[in-house]
Amino acid sequence: MSLNRPTRRGFHQALAAGAAAIAAPRLAFAQAFPARPIRLICPWPAGGSTDAVMRSIADSTARALGGQMVVENKAGASGMLGPNELVTARPDGYTLSQLTIGVVRLPHMQKMQFDPMADFTYIALLTGYTFGLVVRADSPIKSVKDLVDYAKANPGQFSFGSTGNGTTPHLAVEEFAMKAGIKLQHVPFKGNADGMQALLGGHVMSHSDATGWGPHVDAGTCRLLATYGSRRTKRWPNVPTLNELGYDTVSDSPFGVGGPKGMEPAVTRRLHDAFRKSIEDPAVLASFEKYDQSVIYMNTEDYTKFMREQFQKEKQIIERLGLAMKT
């Protein structure tokens, strides 16, 4: 009696057929994506510079996908309410969030709800901020030198607002203050709109943030003391950087978009390609120019690598500023 033994070729054919059967529904899902509106969380208040830029990106990306993308503002916690939601969201591509450098910085400062190395799918890096420090136009502080002189004469009395504890606008000023040998009073806000209201209302003496303050500077209601980038801005070429003033402080802060861990690679790829197309859109580029942002693009693989490397760099910065979480 002969036995029907499976051949090696037959075994591999069966394996391939099984893999194809598993992959087919996934491929079909990716091809049908998006079948409903995608939720993109902007973890900052409505009306601020980031909100405006994210809405422009969302509109363009939705057109590229042939679907809808709805921006939802969840302000507070230094921009971490969006990343927090990704931890419990289904990895189906329908819940996304802006991801700032804060997601790899704040875990060194305090206990977080997420592990930045394990809980996110980093889809694409898109752009980055220009930061600066502004005072009201009627302030007696007319330069960074005036600020330093005042702070030395009045330790802890000069107040500055920012978009939250541990954000780049906060830490850049803390680093400047450390280099200048001065003590400042930090007042955190939920975002640019809140901080600017406080500055214009006289509740803080200055505000550190991305260029949501730009219209106020151009209108003459605020004075820009310095920016934090590696070079002067095209929009305000007469305003010095903290670095060139001798304070060895450079803070360029790129941001991108991510989703929950475990997303299907095909869906991630569709989202990446649509976001990539958005940063070629003239309307999106116009929003970047309005808020002095530039295209800083990385694909999924490079963005993931960048954030892993940045996680280690941020640890060193936080320790140098004496802000590391006590264990």
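Enquirer: Please clarify how the sheet that holds strand 5 (residues 131-136) should be interpreted in this entry.
Expert: What links the strands of a sheet is backbone hydrogen bonding, and the strands pair in either a parallel or an antiparallel sense. Read from one edge to the other, the open sheet built from 5 strands follows the order 7-6-8-5-9, with strand pairing classed as mixed. Either end of the sheet is taken by a strand with one partner, and the two such strands are strand 7 (185-188) and strand 9 (222-227). Averaged over all adjacent pairs, the angle separating strand axes in this sheet is 30 degrees, with direction ignored. As judged from the 2 bridges shared by strand 6 (residues 159-162) and strand 8 (residues 206-210), these two strands associate in the parallel manner. Each residue of the ladder has a partner; that of G161, found in strand 8, is H207. Lying over the sheet, helix 6 (residues 168-180) contacts strand 5, strand 6, strand 7 and strand 8, oriented at roughly 150 degrees with respect to strand 6.

Enquirer: Could you clarify how one ought to interpret helix 3 (residues 81-88) in this entry?
Expert: Working note: α-helix, 3.6 residues per turn, so residues spaced by three or four point in the same direction. Along helix 3, the residues that are buried comprise G82, P83, N84 and L86. Check the buried side of helix 3 and you find it contacts strand 1 (38-42), strand 3 (95-99), helix 4 (102-105), strand 4 (120-129) and strand 10 (253-260).

Enquirer: Before we go on, may I ask you to explain the pairing of strand 4 in this structure?
Expert: The side chains of a regular strand alternate, first on one face of the sheet and then on the other. Taken across its 10 residues, strand 4 has 10 buried, putting it largely inside the fold. Strand direction decides the pairing type here: strand 4 and strand 10, joined by 8 bridges, are antiparallel. Looking across to strand 10, one finds that G128 is bridged to P254. As paired elements, strand 4 and strand 11 (residues 294-298) share 3 bridges and run antiparallel to each other. Bridged to L125 within strand 11 is M298.

Scoring rules and cut-offs
- Residues numbered from 1 in each chain as written.
- Predicted model: local features only at pLDDT ≥ 70, side-chain atom pairs only at ≥ 80, totals over all residues.
- Heavy atoms only, no water.
- Pairing = 2+ DSSP bridges.
- Helix = DSSP H or I, 4+ residues; strand = E, 2+ residues; numbered from the N terminus.
- Axes fitted to C-alpha atoms, helices over the stretch in contact; angles between N-to-C directions.
- Contact = heavy atoms within 4.5 Å.
- Buried < 20%, exposed > 50% of the residue type's maximum accessible area, 1.4 Å probe, protein only.

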